[in-house]
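Geometric and topological summary
The chain contents come next:
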Amino acid sequence: MDNLMVSICSITYNHAPYIRECLDGFMMQKCDFEYEVLIHDDASTDGTAKIIKEYQEKYPHIIKPIFQTENQWSKGVRTIQSTYNFSRARGKYIAMCEGDDYWTDPLKLQKQVDFLEANPNFAISFHRAMRITPDGEKINEFPSLNLKSKLSTEDLALNNFIPNLSVIFRKTEIDTKLLQNMPLGDYAMHMANSRLGFIHYHKEVMAAYRINVGVFSGKEKYIQRQRTVQTLDGIIERFGFEGKILENLISHRNNLLFYIFKDKVKLDFSVETISMLRGREIYRVLPLFKRLKFIIKSVFVK
């Protein structure tokens, strides 16, 4: 592949009902360049690997899987994409899409690569996607159309608005040690890559993101927000951001703390109020007057 431009990186585990749709989305791409599909299957037990092998036999020069015999996630490996896929990528650009999601536009790669090739001051490209149920029913579209087309690290520090199934970025050497123990490693990676250039938002829907409707209870939402706070802590500590970017990261973190406290108040008001007042756990970063403000808002603001 002398004209290899994009390495599509996909991770999958027990995605047998969805993996064909994902792979078909890759293989329908119409490009004036070549691409490869790097798949990491984390020891699926439902027939996912068999389906991947079927596509590998049909497209042996494009589909390049790794089949684990032991589940790496359960062994504590949290940087699966960078460890097993990015490390062997040969393309100038890296695209991402997990095995239960899929692309809907056959010109997706061409549009994004054309933009990045014409605009070397941009490091990342992403686009809108639609949320769908496990059965494929459309729910809504995201991110917001109100986002600017040209975005920066400062913007990303305030909100992780990049759907991973939509992103393409310039391949660079990624220090996986920076991403260790960050629950949202992809967000941390996008923050790191955004230091190399601007972020472009294509406002076309070109992919489908499958969600488990009704699965996330209040407690699980709280856990998700805690994981984001943990990731933001890691970014703040390790990446050396300063000025407005650092201010925005802290603002993002503190906004999440409010919702975390609201979630925990719903679970146990007395315990969490005492925890907040004493500055325990994640609340210790907030001065006392802000903790009191959060308690009042959490009780009276719906």
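Details of the structure are given in the entry above.
Residues numbered from 1 in each chain as written. Predicted model: local features only at pLDDT ≥ 70, side-chain atom pairs only at ≥ 80, totals over all residues. Heavy atoms only, no water.

1. Describing helix H2 (residues 48-58)
Here H2 has its buried residues at Thr48, Ala49, Ile51, Ile52 and Tyr55. Down the axis of H2, the smallest arc covering the buried residues is 160°, so these residues share one side. Away from its buried face, by an angle of more than 90 degrees, H2 presents the exposed residues Lys50 and Glu57. The inward-facing, buried residues of H2 abut strand E1 (4-12), helix H1 (19-27), strand E2 (34-41) and strand E3 (63-67). (Buried < 20%, exposed > 50% of the residue type's maximum accessible area, 1.4 Å probe, protein only. Helix = DSSP H or I, 4+ residues; strand = E, 2+ residues; numbered from the N terminus. Arc of directions from axis to C-beta. Contact = heavy atoms within 4.5 Å.)

2. Re the pairing of E1
Most of E1 is tucked away, with eight of its nine residues classed as buried. As defined by bridge partners, E1 adjoins E2 across eight bridges and the pair is classed as parallel. When the bridges of E2 are listed, serine 7 appears paired with glutamate 36. Running through H1, the crossover from E1 to the neighbouring parallel element E2 is right-handed. Bridging between E1 and strand E4 (residues 93-96) involves four bridges; their strand directions are parallel. What sits directly across from cysteine 9, in E4, is methionine 96. (Pairing = 2+ DSSP bridges. Right-handed = clockwise from strand over helix to strand, strands pointing away.)

3. Section: unusual backbone geometry
Following phenylalanine 142, the chain continues to proline 143 via a peptide bond in cis, the omega torsion being -10°. Unusually for a residue other than glycine, asparagine 14 sits at a positive phi of about 50°. Examined against the element boundaries, asparagine 14 turns out to sit in the loop between E1 and H1. Taking the relative accessible area as the measure of exposure, asparagine 14 reaches 26% and is therefore partly exposed. Its identity is not glycine, yet alanine 43 carries a phi of approximately 60°, on the positive side. Here alanine 43 is to be found in the loop between E2 and H2.

Nothing here speaks to function; it is geometry throughout.
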